[in-house]
Amino acid sequence: MSYTEALSYYLGAFVDELTRLGVCETVISPGSRSTPLAMLMAEHESMKTYVHVDERSAAYFALGIAKAKRRPVAILCTSGTAAANYWPAVSEAFHSRVPLLILTADRPHELRDVGAPQAMNQLNLFGSFTKEFIEMALPEASERMYQYVRTTTARAIAVMNGAPSGPVHMNFPLREPLIPNFSLPNLWEGGKAGRANQYTSVTFGNSVLPPFHAGSLSKRFASMEKGLIVCGEMNDPSFAEEVAAFAAAYQYPILADPLSNVRSGKHEKENVLECYDAFLRNEEIQNLQPDIIIRFGAMPVSKALTQYIQSRTSAVHLVIEKGGWRDPALIASEMIYADEVSVCRQLTAFASANQRETAWLRMWRELNALAREHLSYAGLDEEPFEGRVMMELADVLPDQSALFVGNSMPIRDVDTFFLTRDKKINILANRGVNGIDGTVSTALGASTHYEPLVLVLGDLSFYHDLNGLLAAKLHNLNATIVVINNDGGGIFSFLPQYAEKKHFEALFGTPLGLDYEHVVNMYHGVFSRPKTWEQFRSAVANGISSNGLHVIEIRTNRESNLQMHRALWATISTSVTERLRGNRNAD
């Protein structure tokens, strides 16, 4: 058998096994050494391929698909610096627990470290940011090697999906010639002789608490009236309903991060508090001492909530998640590794019936209602206030739509201004390492699953990933992008360096003075710059009801935006102080 035949059957078995194990989407960046893999993926009837010429944007695009669909997606590139451009998205995938299969073509071993062109050390290229690195064997023509490639593929996907999920890197050294032979009989059947549908199957059981442990926890909760449930980023669509039932069973308030996706939907939201970022800034709140804090998912976006959690040193801090170790506050007293939804169901079942509302829960609800009232008034301001963008989007977006949020100020404004509602709006963001790069590409990847999808981000984040707009043009994607343009890094106005005026604008404000309309036109998008909130609502409604790319720019002023936020926080803080002191006087 010739090398071309061996190459074709070996890589054909690999591609076929990917699809049989559920990896049916690949984002390909063109290159020579990756030719056989790219062509076989394009040929396989069960594999959907996307082409993206920029590897950095391509990896983020795949990340968005995997994040939205909650299943593994592959990325493929040639050797050399092409693979290095995957780095930012790989680090995000690792920290945000997204299953991303990284496939890199490589020079064969005899062409390494000898000055061959487009060759560099790709072994363990991503270091600790992948769950596993696999250096694949060179293609050989034997049934055993075809079985090897299928088994290794199964192993890679199992590692990716194992809790906590994350990226795996497979490196393929390939010799020339690189063109596969599609006329070969049974091209996809290598390694399946005498086997069933796939060489190896992997099954994950659902991790639950032992009944005695669940019963013990339930008794402890019943003895702790002052409990708090903190929900960080979660990706299980059934979590909201189950955690709401759990909270009702024990009469604990839920402090729900927007990325928990507990703030919106048809589930019970009586105990769901969304305005904590505003009222936890008040010093009087520090007197509210919980007995126990139960956290599901990642740490929340809100710095005020994180600081409150960190300062509750006398409380029991219980973290419940599938795996990993996420405790940046360094205060967890107990870690439970189990499926979050299953744990909620178990504990709810153990709870006593006919629980009555506690004074503790009532007080938290009152504070939330007070802050919510003030935040609602902020949504009536006719000035170009960045917080109102989030409130307008929450009203305009239809049920089952998606809101992808950029980092820096947008995610914080969503945290503050996205209020609870019955229609379901799925909120996503790249909070693994909180970077502003790759946001456009990730959101466009998510748009392959969610429709309509609106991305809201700052002008610097938009600039960082202008190359990502190409995916919308190449693949006819439908997405609406809202660019909040304050001509620079608005988040830095809220940080201590803002007081150092001499170097602030050059080093942190970084005004770019760019007109993005020209870029949007280049990618065949529709650009608008509304002057009023009515025009903004109309532009968003038109974008989400039309095909193609729509970019809406909102011009704001960094200084006035800072002052409006501070004034709102001060007003809420004054009201919270009056309410808390009034409660103490009544007692």
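Residues numbered from 1 in each chain as written. Predicted model: local features only at pLDDT ≥ 70, side-chain atom pairs only at ≥ 80, totals over all residues. Heavy atoms only, no water.

1. Focus: the nonpolar core
- One finds Phe279 and Trp364 to be the most contacted residues of the largest nonpolar core, which totals 62 residues.
- The element contributing the most residues to this core is helix H12 (residues 359–378), with 8 residues.
- Ignoring any residue separated from it by four or fewer positions in sequence, one finds Phe279 in contact with Ile285, Trp364, Leu367, Asn368, Ala371, Ile572 and Val576.
- Formed by 53 residues, the second largest nonpolar core is a distinct cluster that contains Ile65, Ala82, Ala83 and Leu466. (Core = buried A, V, L, I, M, F, W, Y, C linked by side-chain atoms within 4.5 Å. Buried < 20%, exposed > 50% of the residue type's maximum accessible area, 1.4 Å probe, protein only. Helix = DSSP H or I, 4+ residues; strand = E, 2+ residues; numbered from the N terminus. Contact = heavy atoms within 4.5 Å.)

2. Considering the packing of helix H13 (residues 386–396) against helix H14 (residues 409–417)
- At a minimum axis distance of 9 Å, the contact between H13 and H14 shows a crossing angle of 60 degrees. Viewed along their axes, H13 and H14 adopt a mutual orientation that is oblique. Of the two possible hands of crossing, H13 and H14 adopt the one that is right-handed. Every residue of H14 that contacts H13 at Glu386, Gly387, Met390 and Met391 is listed here: Met409, Pro410, Asp413, Val414 and Phe417.
- Here the residues of the contact of H13 with H14 are counted per class, giving 6 nonpolar, 1 polar and 2 charged. (Axes fitted to C-alpha atoms, helices over the stretch in contact; angles between N-to-C directions. Parallel < 35°, antiparallel > 145°, perpendicular 65-115°, else oblique. Left-handed = near helix turned anticlockwise from the far one by under 90°. Nonpolar A, V, L, I, M, F, W, Y, C, P; charged D, E, K, R; others polar.)

3. Notes on empty space enclosed by the protein
- Under the counting rule described, the total for this entry stands at 1 cavity of 30 Å³ or more.
- If you add up the space inside the largest cavity, you get close to 70 Å³.
- Elements with a minimum of two residues in the lining of the largest cavity: strand S10 (292–296) and strand S11 (316–321).
- For the lining of the largest cavity, the element with the most residues is S11, which contributes 3 residues.
- Classifying every residue of the lining of the largest cavity gives 7 nonpolar, 1 polar and 2 charged. (1 Å grid on protein atoms, 1.4 Å probe; cavity = no way out; pocket = protein on both sides within 12 Å on 5 of 7 lines; lining within 4 Å. Points joined across faces, edges and corners; volume = space filled by probe spheres on them.)

4. Examining the sheet that holds strand S5 (residues 132–135)
- One open sheet holds the 6 strands; their spatial order is S2-S1-S3-S4-S6-S5, and the pairing between them is parallel. At either margin of the open sheet sits one strand with a lone partner, and together these are strand S2 (48–51) and S5. Geometrically, the sheet is characterised by an average inter-axis angle of 20 degrees between neighbouring strands, direction not taken into account.
- The sheet contact formed by strand S3 (residues 73–77) and strand S4 (residues 100–106) spans 5 bridges and is parallel. Bridging from a neighbouring strand, Ala74 pairs with Leu101 of S4. (Pairing = 2+ DSSP bridges.)

5. As for the sheet that holds strand S16 (residues 479–485)
- Pairing is parallel across the open sheet formed by 6 strands, whose spatial order is S14-S13-S15-S16-S18-S17. Edge positions in the open sheet fall to strand S14 (425–429) and strand S17 (526–528), since each of these has one partner strand only. Taking each pair of neighbouring strands and ignoring which way they run, the sheet shows an average axis angle of 20 degrees.
- Along the sheet face, H13 touches strand S13 (401–405), S14, strand S15 (453–458), S16 and strand S18 (549–555) and points at about 160 degrees away from the line of S16.

6. Considerations on the environment of Asn261
- Position of Asn261 among the secondary structure elements: in the loop between strand S8 (254–256) and strand S9 (272–273).
- Under the relative-accessibility criterion, Asn261 is labelled buried at 14%.
- For the pair Asn261 and Ala84, spaced 177 residues apart in the sequence, the C-alpha separation amounts to 33 Å.
- Contact partners of Asn261, with chain neighbours within four places excluded, come to Met234, Ala240, His267, Lys424, Ile425, Asn426 and Ile427.

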